[in-house]
Amino acid sequence: MMDKNDEKVLNLIQTDGRLSVKRIGQALSLSGPAISQRLANLKDEGIIRGYRADIDLNKLDLSVRAFVQVDVSPDKKSRFYEFVKPISNVLECNVVTGPYSMLLKVAFQVPEELDDLINKLQRFGKTNTLMVFSTPVRQRGFFYEIN
């Protein structure tokens, strides 16, 4: 069971996953070993799944971003998953409700690459593409409100 200090640890590492145990301990007025144990417990419980870098896709020339909806019938789902998993330009794949069953978040260098993917996806079902113009709220972690 998580307590307020665990929540504070999560808030800190979501802001900066490279914070040292010492810095986290100082922020929470806890010892380094106490923080290490909390981090180990959060990992063991599967709450912390890993640490990742926040990468600016524009700096990698991946400025063509979109959400692609795909209507995949249940009998094609396993083949669909096998198809999209190895494609590095597919940043995320979600099963959703509504007229489309899948929602892909994708990034490419040029529109033609996106067009090529959409053409390939259409063998699984109808598609709808939503181009991203800007992202005023970037992906972020969940933050606990600490009282």
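Predicted model only: the values in this text are computed from it and were never measured.

J.: Go over the sheet that holds strand 2 (residues 90–95) with me, naming the residues and quoting the values.
T.: Spatially, four strands are ordered 2-3-1-4 in an open sheet, and the strand pairing comes out antiparallel. Of all strands in the sheet, those with a lone pairing partner are strand 2 and strand 4 (127–131), marking the two edges. Direction aside, the axes of adjacent strands within the sheet are offset by 20 degrees on average. With seven bridges joining them, strand 1 (residues 64–70) and strand 3 (residues 102–108) adopt antiparallel strand pairing. Bridge pairing in strand 3 places alanine 66 opposite valine 106.

J.: Go over the environment of phenylalanine 142, please, and point to the residues and values.
T.: Considering the arrangement of structural elements, one finds phenylalanine 142 in the segment after strand 4. Between the C-alpha atom of phenylalanine 142 and that of methionine 131, which follows or precedes it by 11 residues, the distance is 25 Å. Excluding residues within four positions of it along the chain, phenylalanine 142 makes contact with Asn11 and Gln14.

J.: Now, about the packing of aromatic side chains: what can you tell me, with residues and values included?
T.: Enumeration over the complete set of coordinates arrives at three aromatic pairs. Ring geometry for phenylalanine 80 against phenylalanine 124: centres 5.3 Å apart, planes inclined by 85 degrees, an arrangement best described as edge-to-face. Taken together, the residues span a long stretch of sequence, with phenylalanine 80 in helix 4 (residues 77–84) and phenylalanine 124 in the loop between helix 5 (111–121) and strand 4 at a distance of 44 residues. Neither residue differs from the other here; phenylalanine 80 and phenylalanine 124 are each classed as buried. With centroids separated by 5.5 Å and ring planes inclined at 45 degrees, the aromatic side chains of phenylalanine 83 and phenylalanine 124 adopt a geometry described as tilted. Pair noted here: phenylalanine 83 is in helix 4 and phenylalanine 124 is in the loop between helix 5 and strand 4, with a separation of 41 residues, a long-range link. Residue phenylalanine 124 is classed as buried on the basis of its relative accessible area of 7%. Put simply, the rings of Phe80, Tyr81, Phe83 and Phe124 pair up and form one aromatic cluster. One Lys or Arg, arginine 123, reaches over the ring of phenylalanine 83 and ends 4.6 Å from the middle of that ring.

J.: Explain the pattern of salt bridges to me, using residue names and the numbers behind them.
T.: For the structure on display, the rule yields four salt bridges. A salt bridge links arginine 38 to aspartate 3; its shortest N-O distance comes to 2.9 Å. Placement of arginine 38 in helix 3 (residues 32–44) and of aspartate 3 in the segment before helix 1 (4–15) is noted, with a sequence separation of 35 residues between them.

J.: Give me the lowdown on helix 1, citing residues and values where you can.
T.: Its 12 residues give helix 1 an end-to-end C-alpha distance of 17 Å, which sits within 8% of 16 Å, the value for a rise of 1.5 Å per residue. Summarising the contacts, the buried residues of helix 1 are in contact with helix 2 (21–28) and helix 3. Capping the start of helix 1 is the job of one residue whose side-chain oxygen sits 3.0 Å from the backbone nitrogen of asparagine 5: aspartate 3.

J.: Can you break down unusual backbone geometry residue by residue, with the values?
T.: Most peptide bonds take the trans form, and the phi angle of most residues other than glycine is negative. In this structure, serine 29 takes a positive phi of about 55 degrees despite not being glycine. For serine 29, a relative accessible area of 67% gives the class exposed. Residue aspartate 61 is not a glycine yet carries a positive backbone phi of 60 degrees. When you line up the elements, aspartate 61 lands in the loop between helix 3 and strand 1.

J.: Could you give an account of helix 4, with specific residues and numbers?
T.: Taken together, the buried positions of helix 4 are occupied by Phe80, Phe83 and Val84. Taken end-on, helix 4 shows its buried residues confined to a sector of 85 degrees, consistent with a single buried face. Buried residues in helix 4 make contact with strand 1, strand 2, strand 3 and helix 5.

The rules behind the values
- Residues numbered from 1 in each chain as written.
- Predicted model: local features only at pLDDT ≥ 70, side-chain atom pairs only at ≥ 80, totals over all residues.
- Heavy atoms only, no water.
- Pairing = 2+ DSSP bridges.
- Helix = DSSP H or I, 4+ residues; strand = E, 2+ residues; numbered from the N terminus.
- Axes fitted to C-alpha atoms, helices over the stretch in contact; angles between N-to-C directions.
- Contact = heavy atoms within 4.5 Å.
- Phe/Tyr/Trp six-rings, centres within 6.5 Å; stacked < 30°, edge-to-face > 60°.
- Buried < 20%, exposed > 50% of the residue type's maximum accessible area, 1.4 Å probe, protein only.
- Lys NZ or Arg CZ within 6 Å of the ring centre and 35° of its normal.
- Salt bridge = Lys/Arg side-chain N within 4 Å of Asp/Glu carboxyl O.
- Expected span 1.5 Å × (residues − 1).
- Polar contact = N/O pair within 3.5 Å; in protein donor to acceptor, adjacent residues only side chain to side chain.
- Arc of directions from axis to C-beta.

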